[in-house]
Amino acid sequence: MGEPTDASTTSTSTSTPTITITVEFTGGLEMLFDNIPFHHVKLPAKNTQGQVVTIGDLIPWLCENLMKDTRKELFVLDGNVRPGILVLINEADWELEGEDKYELKDGDNVLFVSTLHGG
């Protein structure tokens with residue numbers, strides 16, 4: 001496995017509070033993200049509405065800023081993580097954490113695992 005990449009928003013100024021999280025892709029999803037399974041991502045602590053940034057904010061950010069593959073429908077469907085992709089937040093199923101409403105915290109680890117396999 002390669003070294004983690006560092007990614008951050010381009011609009012974040014030094015005066016804007018930020019958080020740094022680790023995002024991981026496995027089960028074939030890493031192919032959509034330039035075959036890099038680990039990413040250290042720096043995000044503004046607040047979204048554009050001034051609320052704490054959530055997984056719901058992270059998903060489109062990943063598509064716009066990290067995804068190299070044009071087949072976004074393999075990761076998202078109707079703006080949500082595609083069925084068949086498990087999302088773990090700090091090793092807990094995101095369904096137990098509020099799914100896309102989970103408020104991201106500095107140091108969080110978000111893992112996306114594809115369970116979709118061809119035969």
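Residues numbered from 1 in each chain as written. Predicted model: local features only at pLDDT ≥ 70, side-chain atom pairs only at ≥ 80, totals over all residues. Heavy atoms only, no water.

As recorded in an unreviewed UniProt entry, the protein goes by the name Ubiquitin-related modifier 1, listed as coming from Lithohypha guttulata. The Pathway (unreviewed entry) field of the UniProt record for the protein holds the comment "tRNA modification; 5-methoxycarbonylmethyl-2-thiouridine-tRNA biosynthesis." Quoted verbatim from the Sequence similarities (unreviewed entry) field of UniProt, the annotation for the protein is "Belongs to the URM1 family." (UniProt positions renumbered as here; feature names shortened; annotations may be inferred.)

1. Points about the environment of His39
Considering the arrangement of structural elements, one finds His39 in strand S3 (residues 38-44). The exposure class assigned to His39 is buried, which follows from its relative accessible area of 2%. For the pair His39 and Thr22, spaced 17 residues apart in the sequence, the C-alpha separation amounts to 5.7 Å. At a separation of 2.8 Å, a polar atom in the side chain of His39 contacts the main-chain carbonyl oxygen of Ile36. (Helix = DSSP H or I, 4+ residues; strand = E, 2+ residues; numbered from the N terminus. Buried < 20%, exposed > 50% of the residue type's maximum accessible area, 1.4 Å probe, protein only. Polar contact = N/O pair within 3.5 Å; in protein donor to acceptor, adjacent residues only side chain to side chain.)

2. Topic: the pattern of salt bridges
Using the criterion set out here, one finds 2 salt bridges in the structure. Across the pair Asp69 and Arg71 runs a salt bridge whose closest N-O atoms are separated by 2.8 Å. Note on Arg71: relative accessible area 39%, which makes it partly exposed. The partner of Lys101 in a salt bridge is Asp100, and the shortest N-O contact between them spans 3.6 Å. You can call Lys101 exposed: its relative accessible area is 63%. (Salt bridge = Lys/Arg side-chain N within 4 Å of Asp/Glu carboxyl O.)

3. Overview of the nonpolar core
By size, the foremost hydrophobic cluster in this structure holds 30 residues, and its most contacted members are Ile21, Ile55, Leu58, Leu62, Phe75, Leu104 and Phe112. Taken together, the elements giving at least two residues each to this core come down to strand S2 (18-26), S3, helix H1 (55-65), strand S6 (85-89) and strand S8 (109-114). Each residue touching Leu58, except ones within four places of it in the same chain, is listed here: Ile21, Val23, Leu43, Leu104 and Val110. (Core = buried A, V, L, I, M, F, W, Y, C linked by side-chain atoms within 4.5 Å. Contact = heavy atoms within 4.5 Å.)

4. Re H1
The periodicity of an α-helix, 3.6 residues per turn, causes residues three or four places apart in sequence to face the same way. When we look at burial in H1, the residues that qualify are Ile55, Leu58, Ile59, Trp61, Leu62 and Cys63. If you check the start of H1, you find a side-chain oxygen 3.2 Å away from the backbone N of Gly56, and it comes from Thr54.

5. Looking at the environment of Trp94
Looking at the element boundaries, Trp94 is found in the loop between strand S7 (92-93) and S8. By relative accessible area, Trp94 is classed as buried at 12%. In this structure the C-alpha to C-alpha distance between Trp94 and Ile55, which are 39 residues apart in sequence, comes to 9.3 Å. The residues touching Trp94, leaving out its near neighbours within four places in the chain, are Ile55, Ile59, Val81, Val87, Ile89, Glu99 and Asp100.

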